[in-house]
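# An overview of the molecular structure
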Amino acid sequence: MSKPAVVVTGMGATTPLGGDVASTWDAMLAGHSGVSPLTQEWAANLPVRIAAQLAVEPSEKLDRIKLRRMDRSEACALIAAAEAWADAGLAEAGLDPERLGVVVGSGIGGATTLLAQDDILEQSGPRKVSPHTVPMLMPNGPAAFVGLEYRARAGVHAPTSACATGAEAIAWGLDMIRAGRADVVLAGGVEAVIHPLPIAGFASMRAMSTRNDEPKKASRPWDKGRDGFVLGEGGGIIVLEREDHARARGARVYARLAGAGMTSDGFDIVQPHPEAEGGARAMLAALRDGGISPKDVMHVNAHATSTPVGDMAEVVGVLRVIGDHPVLTATKSMTGHLLGAAGALESIATILSIRDGVIPPTINLDDPDDALNLDVAAHKARQMTIPAALNNSFGFGGHNVALLFIQA
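Residues numbered from 1 in each chain as written. Predicted model: local features only at pLDDT ≥ 70, side-chain atom pairs only at ≥ 80, totals over all residues. Heavy atoms only, no water.

### Some remarks on the packing of aromatic side chains
Going through the model one piece at a time under the given rule, you end up with 3 aromatic pairs. One aromatic cluster is present, built from ring pairs that chain together Phe202, Phe229 and Phe396. (Phe/Tyr/Trp six-rings, centres within 6.5 Å; stacked < 30°, edge-to-face > 60°.)

### Quick word on the layout of surface pockets
Volume-wise, the largest pocket comes out at about 670 Å³. Lining the largest pocket we find 40 residues, and of these Val270, Gln271, Pro272, Thr307 and Phe396 sit closest to its centre. Elements supplying a minimum of two residues to the lining of the largest pocket: α10 (277-290), α11 (310-321), β14 (388-395) and β15 (399-406). The element that contributes the greatest number of residues to the lining of the largest pocket is α11, accounting for 4 residues. Along the lines of polarity and charge, the residues of the lining of the largest pocket split into 18 nonpolar, 15 polar and 7 charged. Taken domain by domain, the lining of the largest pocket gets at least three of its residues from each of domain 1 (6-248) and domain 2 (260-406). When its volume is computed, the second largest pocket comes out at roughly 250 Å³. Surrounding the second largest pocket, 13 residues form its lining, Leu67, Arg68, Met70, Asp71 and Arg72 being those nearest its centre. Secondary-structure elements contributing two or more residues to the lining of the second largest pocket are α2 (64-67), α3 (72-87) and α4 (111-124). Residues that form the lining of the second largest pocket fall into these classes: 5 nonpolar, 3 polar and 5 charged. (1 Å grid on protein atoms, 1.4 Å probe; cavity = no way out; pocket = protein on both sides within 12 Å on 5 of 7 lines; lining within 4 Å. Points joined across faces, edges and corners; volume = space filled by probe spheres on them. Helix = DSSP H or I, 4+ residues; strand = E, 2+ residues; numbered from the N terminus. Nonpolar A, V, L, I, M, F, W, Y, C, P; charged D, E, K, R; others polar. Domains from an automatic or database assignment.)

### Let's talk about empty space enclosed by the protein
The full count for this structure, using the stated rule, is 1 cavity of 30 Å³ or more. Computed from the structure, the largest cavity encloses a volume of approximately 40 Å³. Those elements that provide at least two residues to the lining of the largest cavity are α1 (21-29) and α13 (342-356).

### Observations concerning the domain arrangement of the chain
Per the domain assignment, the segments making up the chain are domain 1 (6-248) and domain 2 (260-406). Look at where the C-alpha atoms of domain 1 and domain 2 centre, and you get two points 20 Å apart. Contact residues are listed per partner, giving 66 residues for domain 1 and 63 residues for domain 2. When domain 1 packs against domain 2, the two sides together hide about 4700 Å² of surface, and 70% of this comes from carbon and sulfur. Linking domain 1 with domain 2 are 6 salt bridges, by the criterion used here. Here Asp289 ties to Arg178 by a salt bridge, and the two come within 2.9 Å at their closest N and O atoms. Inspection of the domain 1/domain 2 interface yields 23 residue pairs in polar contact (both at pLDDT 80 or more). (Contact = heavy atoms within 4.5 Å. Buried area = accessible area lost by both parts, 1.4 Å probe. Salt bridge = Lys/Arg side-chain N within 4 Å of Asp/Glu carboxyl O. Polar contact = N/O pair within 3.5 Å; in protein donor to acceptor, adjacent residues only side chain to side chain.)

### As for the sheet that holds strand β6 (residues 184-191)
If you trace the 11 strands from one edge of the open sheet to the other, you get β5-β4-β6-β7-β1-β8-β15-β14-β9-β10-β12, paired in mixed fashion. Edge positions in the sheet fall to β5 (156-157) and β12 (375-376), since each has one partner strand and no second. Where strand β9 (residues 297-301) meets strand β10 (residues 327-329), 3 bridges bridge the pair, whose relative direction is parallel. In the sheet register, Val300 faces β10, and the bridge partner there is Leu328. Running over the sheet, α3 touches β1 (6-14), β4 (100-106), β6 and β7 (234-242) and is turned about 135° from β1. Sitting on the sheet, α13 touches β1, β6, β7, β8 (255-264), β9, β14 and β15, and the angle it makes with β14 is about 170°. (Pairing = 2+ DSSP bridges. Axes fitted to C-alpha atoms, helices over the stretch in contact; angles between N-to-C directions.)

Given below as structure tokens:
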């Protein structure tokens, strides 16, 4: 039985570069960095004192009373979902809630809520702990809030696969529609854990850049001077829709989600396989799922986080599966690493690259690694026709997701 075609009809985001998709995309194409110093008092003694913080605070978009009852990650989910919903024109679509699904994941969940409420417990006792604590900290909270907002009844799911979460959520959404469980799915990822404990933990692993004096130059994928990722926050959500359903209601279509590949390394809890064995299999699976030849893939939005090992392992995988012809970019050079939201935001960038025929730049690539045997859109955006593109996302635990988008 043939698989129904699935298309993207709406997108929403809140990021370190902008409070919506349009402003984020404009900043990406201009090569702006969203990384800045952490000026909070708690950051003063940390080894890492930089991060990619939201460009627009949730309080500017959501009711303050509502905000007090949700974690920052949940607020990001509602903001991104609202934009995606409006962008897709779903308010006027008369959609049956039983045909609407939600898949929104977070790599860490409501960690800031958990830590803040634990402080209250220790300092003031159990009676002062908020009654909203559990809904605020639970990992499925962002998905649940979005599902409640739009009365989704086809299923509300919350995958958690570290930095591959947002991409995995989109792959789950694809599967929901193909399986006939939904006609429309809001899918993506969120993360908001700019807090001393996660930063200290990542820093202890030597996973983060300590370029505190040059924040905008700290995230530098594939550069010889890279020394780790920069923590970011935000969210990205896309509307996936069965193509015939979208066409019947006259929806604008951005691109087609043609395929997805999901694998695991079975290698190490934090290190990627040095030969990108699992990542390569994910890319190959996505191509096979979409029925696309490697030669048709002209662009890869790489996972490339700016870590010494991970960046080059991915290059090995791209060369093995696709070849040396695609143009790569690493938008984390501008946004920092949004962990569970990364794959969703980078999917949005990949979709817009296909629509607009332009690849956003990889900034800070001043001295490329000698093993970087691929063409990268460095320093400035690259104009080109893109019939098909891959978005790669990899996560701690050996999670690998590749998403294949093609022109609609």
